[in-house]
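Reading the structure
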Amino acid sequence: MSVAITVDHALKKYGDNIVIPDLSLKIHEGEFFTLLGPSGCGKTTLLRMIAGFNSIEGGEFYFNDKKINDLDPGKRNIGMVFQNYAIFPHLSVRDNVAFGLTNRKVPKEEIKRRTDKFMEIVQITQYADRMPERLSGGQQQRVALARALVIEPDVLLMDEPLSNLDAKLRLEMRAAIKEIQHEVGITTVYVTHDQEEAMAVSDRIAVMSGGVIQHIGRPKDIYQRPANRFVANFIGQSNFLTADLKEKNGSCSLVFASGYMVPMDHVRTENRKSQEVVVSIRPEDLKVTLKEEPGLNAVVNDSVFLGMNTHYFVTLDSGEKMEIIQESTIDSIIAPGTRIRLTVNEKKINIFTKDGSRNLLEDSVAADER
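1. Some words on the pairing of strand β7 (residues 155-159)
Across the five residues of β7, five count as buried, placing the element largely inside the fold. The side-chain alternation of β7 yields two buried faces, one formed by Val155, Leu157 and Asp159 and the other by Leu156 and Met158. Examined bridge by bridge, strand β6 (residues 78-81) and β7 share four bridges and lie parallel to one another. Bridging from a neighbouring strand, Gly79 pairs with Leu156 of β7. Chirality of the crossover, the property in question, places the unit of β7, helix α5 (residues 167-184) and strand β8 (residues 187-192) among those that are right-handed.

2. What to know about the environment of Gly42
In this fold, Gly42 is placed in the loop between β3 (32-36) and α1 (43-51). Apart from residues no more than four positions distant in its own chain, Gly42 is found in contact with Val19, Ile20 and Met208.

3. Re the sheet that holds β3
By definition, the strands of a sheet pair up through backbone hydrogen bonds, in either a parallel or an antiparallel sense. Taken together, six strands build an open sheet; the order of strands is β6-β7-β8-β3-β9-β10 and the sheet is mixed. In the strand order of this sheet, the two ends are held by β6 and β10 (212-217), each with one partner. Neighbour-to-neighbour, the strand axes of this sheet turn through a mean angle of 15°, independent of strand direction. Bridge count for β3 against strand β9 (residues 204-209) is four bridges, and the pairing is parallel. For Leu35, the partnering residue across the bridge sits in β9 and is Ala206. Along the sheet face, α1 touches β3, β6, β7, β8 and β9 and points at about 150° away from the line of β7. Strand contacts of α5: β3, β7 and β8, with the helix running at about 140° to β3, the strand carrying the most contacts.

So, how was this worked out
- Residues numbered from 1 in each chain as written.
- Predicted model: local features only at pLDDT ≥ 70, side-chain atom pairs only at ≥ 80, totals over all residues.
- Heavy atoms only, no water.
- Buried < 20%, exposed > 50% of the residue type's maximum accessible area, 1.4 Å probe, protein only.
- Helix = DSSP H or I, 4+ residues; strand = E, 2+ residues; numbered from the N terminus.
- Pairing = 2+ DSSP bridges.
- Right-handed = clockwise from strand over helix to strand, strands pointing away.
- Contact = heavy atoms within 4.5 Å.
- Axes fitted to C-alpha atoms, helices over the stretch in contact; angles between N-to-C directions.

If you want it as structure tokens, here you go:
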């Protein structure tokens, strides 16, 4: 059985050091939910509070309607997959997978049935009689995943499970984990600092900083309409420029230092006033032109050809530096020293308050919705 998880005003501290000051969230039944953020942001601490490995100094934790604050970890019916696999070197693959069932004194016939089932699901049946030392890192991680799932837990908790794998294996395993989670349908809480990994596997993501959730949403929403400057900077790449938001008769426009003006029709009603703002522009949302048309004037400093795309590094006449990603052309790359003109895709840019604390656009997340 899968469960919904509710965290209500969680507090975690070590002595006088407050790691998580006041955190609330709701994870839906059967959801693949990722805690994403830089090292030290509190994501693993929160995961361990859900697991029962860390004490809870304040707030309430629920699996469905059952409060679990004081429940022993062994009674929470969770499966756990760690960064270092933590499989037993002296046991075969089959015996590793069956370990939790054996510990629970499940009948032998049932142990075999369930062990066979989950070895097949994670595609390690052919390694059943091998010892861990003869397995690759990806195969060992599959063993750890099968061992966590075979006990049929209510919740699967995964702490940086792919960080010890090489780049190619990480890609293969994240696809496998997402496929397996969908097949089993188990509520999963996944911790990572890798934004691309989080985008690839998650139904929803909570971006954390300093023990505080900055934005919860679907990968698409977080990327396209980040709640604040921190989220925009952490998820993907962004260029940040200062500009003025001008309001006249209810209509808004962005005016950059060069005088380049961009109409902005989707500013929240309460934010429609003249003010200094920070504009976030993804490198792929800039268009390069050599024509004389309204835009941002810049000089190309350098370029990096990466096959499908070419990355350009430029300096605006205002002195601000930017990165641009353009589809590579068959004929040429713009040479360093070339003066160019940049235009922006106004539907995709984001506008933040001067201090970067919130997004001013209509389809962004308001502070009280995070």
